[in-house]
Amino acid sequence: MGVEAHATNERVTGRRWTVRLDPVGRGRADVRVSCSRPACAAQVLPSAAAGRTAAIGHLKAHLRAGPAPRPSAQCACRAEECHTHIRPAGPRERPVPWRCGGAVVLAVVTDREGRWWQVMECCSRCAAAHPTAKVVATAPAAEAPARSDGFRADAAAPATPGGTATPGGPAVTTPTFSAAGPHFSHSATATATATGTAVPQQASAPPSAPRSDHRSDPRSAPRSARQPRRRPPRGRIAQRLVPHDLRPVALRDELTELGELFRAYQARTEPDLAMLADLHARKAEAFHAWAEATADTGLRLDARRAEQAAATARLQHLHRIGQAPDGEGPAVARLLTAPAQWNHARSVLAHVAETAPLPGAEARLLVVMVTLRTAQAGVGNLVGQDIKGLPLSDPEQLVGQLVESGWLGISGTVEELIASRPENPTRITVPSLTPDEDDPGPFTFGRKLRPKLSGWAQRVVGEKKLRKGKTEADVRLLALALATGSDGEGRLGPGGEGIGVDILSSWCAVGPGELPALVDRLTAADWLAEADVTGTLLTGRLTERVLPLGCPLT
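Below is a summary of the structure that appears in this document. Note that the coordinates shown come from a computational prediction; the quantities given were computed from them, not determined experimentally.

1. Here's the deal with the pairing of strand 2 (residues 31-35)
- Burial of strand 2 is one-sided: the residues Val 31, Val 33 and Cys 35 facing one way are buried, the residues Arg 32 and Ser 34 facing the other way are not.
- Pairing between strand 1 (residues 16-23) and strand 2: 5 bridges, direction antiparallel. Bridging across to strand 2, Val 19 finds its partner in Cys 35.
- Here strand 2 pairs with strand 3 (residues 43-45) via 3 bridges, running antiparallel. Of the residues in strand 3, the one forming a bridge with Val 33 is Gln 43.

2. As for the packing of helix 8 (residues 361-374) against helix 14 (residues 473-483)
- Packing of helix 8 against helix 14 brings their axes to within 8 Å, and their N-to-C directions diverge by 50 degrees. Considering their axes alone, helix 8 and helix 14 lie oblique with respect to each other. Here helix 8 and helix 14 pass one another in a crossing that is left-handed. Taking contact as the criterion, the partners of Ala 361, Glu 362, Arg 364, Leu 365 and Val 368 in helix 8 are, on helix 14, Ala 473, Asp 474, Leu 477 and Leu 480.

3. Remarks on the sheet that holds strand 3
- Taken in spatial order, the 6 strands make up an open sheet running 3-2-1-5-4-6, and their pairing is antiparallel. At either margin of the open sheet sits one strand with a lone partner, and together these are strand 3 and strand 6 (134-138). Across the sheet, the mean angle from the axis of one strand to that of its neighbour is 20 degrees, orientation sign disregarded.
- Relative to the sheet, helix 1 (residues 48-65) contacts strand 1, strand 2, strand 3, strand 4 (104-110), strand 5 (116-123) and strand 6, its axis offset from that of strand 1 by approximately 170 degrees.

4. Overview of the pairing of strand 13 (residues 426-429)
- The alternating pattern of strand 13 places Thr 426 and Ile 428 on a buried face, while none of Arg 427 and Thr 429, on the opposite face, is buried.
- With 4 bridges connecting them, strand 11 (residues 379-382) and strand 13 associate as antiparallel partners. The residue of strand 13 that forms the bridge with Val 379 is Thr 429.
- In the sheet, strand 12 (residues 409-410) pairs with strand 13 via 2 bridges, with the strands oriented antiparallel. Counted as the bridge partner of Ile 410 is Ile 428 from strand 13.

Rules behind the numbers
Along each chain, residues carry numbers from 1 onward, in the same order as the chain's sequence is written. The model is predicted, so local features are restricted to residues of pLDDT at least 70 and side-chain atom pairs to those at 80 or more, both for listing and for counting; the totals for chains, interfaces and linings are taken over all residues. The basis for the side-chain values is all heavy atoms of the structure; hydrogens and waters are excluded. Classification of residues uses two cut-offs on accessible area relative to the type maximum, computed with a 1.4 Å probe and protein chains only: under 20% is buried, over 50% is exposed, and between them is partly exposed. To qualify as a helix, a DSSP run of H or I must reach at least 4 residues; to qualify as a strand, a run of E must reach at least 2; elements of each kind are numbered from the N terminus. Pairs of strands are assigned from DSSP output, requiring at least two bridges between the strands. Between N-to-C directions, angles cover 0 to 180 degrees, with each direction set by a line fitted to C-alpha atoms, over the stretch in contact for helices. What sets the label is the angle itself: under 35 degrees gives roughly parallel, over 145 gives roughly antiparallel, 65 to 115 gives roughly perpendicular, and the rest give oblique. If you view the pair so one helix is near and one far, a crossing is left-handed when the near helix is turned anticlockwise from the far one by less than a right angle, and right-handed when it is turned clockwise. Pairs of residues are marked as contacts when any of their non-hydrogen atoms sit within 4.5 Å.

Any link to function would need more than the numbers given here.
Okay, structure coming up:
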């Protein structure tokens with residue numbers, strides 16, 4: 001019986017599963033954590049923060065207990081005909097139908113809002129194509145194909161330090177897990193053992209061998225006794241090796257440095273789209289020069305892809321900071337469009353926080369809305385719907401208390417104000433806002449801006465999901481504070497560093513211990529994402545849905 005020359009090489013589809021975080025119901029703070037693996041039961045947690053912690057812990061438990069990625073697995077992303085693959089370009093790179101390129105890895109992909117985490121067994125090029133992917137494990141090198149004579153192509157290779165030699169066969173390498181993030185190209189470590197070529201050892205002369213008369217000339221020594229020539233280390237970029245003899249030398253150094261910068265960027269914990277756009281632009285320029293030096297069409301195509309990637313990353317950066325590309329309108333159509341308007345909105349809220357005549361969140365919210373109606377001259381008009389549309393438990397009593405305190409004056413009774421309609425509004429006055437010769441008032445904006453600020457506050461307080469969720473006055477006050485306390489990308493606090501818990505609790509007229517519950521209500525209403533309340537700071541960002549209502553910090 002002869003030896004079978006070729007073994008069956010069946011490819012199995014890469015593993016893929018998802019852990020999700022979903023709200024339990026409308027207007028509720030608890031969330032559900034579910035896993036697509038059939039043996040995992042869903043969990044219900046009391047808050048979004050607790051649910052996110054449980055989801056991440058569940059995912060990590062799967063990753064620790066699961067097997068390593070298989071080198072022969074079919075790319076899970078490729079199996080679904082994903083169009084984000086980086087296809088090899090060039091006649092020498094022939095992609096196999098089951099993989100795009102690179103080693104098989106286990107990658108974790110998540111959405112920007114932290115609502116789901118997906119684990120994929122895919123190739124490294126697919127992982128690099130996903131901007132949020134994190135590589136947690138890499139498969140060992142694939143086995144070499146069988147030869148026609150029944151022996152393996154690497155049967156004569158010596159055992160490597162990381163493996164165990166087997167009689168008549170190759171070294172067996174143990175799978176290793178890597179905690180590093182996704183990368184554009186693997187580290188440039190090429191040794192003679194990895195390529196299956198034995199390194200010649202220096203031969204030692206026998207003790208009785210006569211000395212050569214030309215021992216000072218290295219060329220006179222036997223070829224086997226010469227020191228092997230060592231080439232300089234070769235860099236890698238975009239799955240390509242940088243030739244050590246590439247000229248000019250400045251181009252070779254630039255390509256090597258770019259490969260290292262791309263790998264360093266993938267190891268970052270936070271994305272920087274402006275930096276990524278600059279890296280892609282440098283890569284495009286360097287690949288154009290490389291293509292001119294080698295006349296390689298594949299390099300020209302890679303340069304064009306890098307140009308497109310640079311333009312896309314730069315556009316995404318402008319969208320996140322709320323700026324418009326050259327020749328286009330604003331990326332985020334904000335209700336208040338100028339930095340001066342954003343600063344005036346913050347000045348009104350700061351004034352109300354210092355001079356509110358009554359305690360409590362409901363009184364604070366009513367004072368904010370009345371102040372914006374009378375901010376410019378101290379007088380204005382008010383109708384019953386303006387008050388009844390606010391989440392107030394007893395609006396008549398609250399208006400009466402403001403009148404009794406002397407902060408508010410009305411033309412008529414409180415009952416007439418509550419019953420007034422738009423065709424017959426009630427005239428109101430706020431003496432502390434009325435300017436005179438000695439005191440021009442606390443605000444410096446003009447008549448045209450006052451209705452814009454009032455309309456902006458009305459849109460924030462009466463936002464659809466806040467209204468349908470029947471959120472209380474303290475939740476809506478927190479929405480106002482966060483709308484004026486985020487940057488152009490929606491991240492809370494200056495530079496995304498967060499806002500002080502004491503400042504927010506004072507503004508919302510609640511205790512610091514009550515603030516996490518308000519944050520969960522805003523998260524359930526799709527106002528906040530990635531929110532985290534510590535002892536001193538609230539971090540997170542506004543969702544893209546409410547970015548038009550924001551007043552970015554300048």
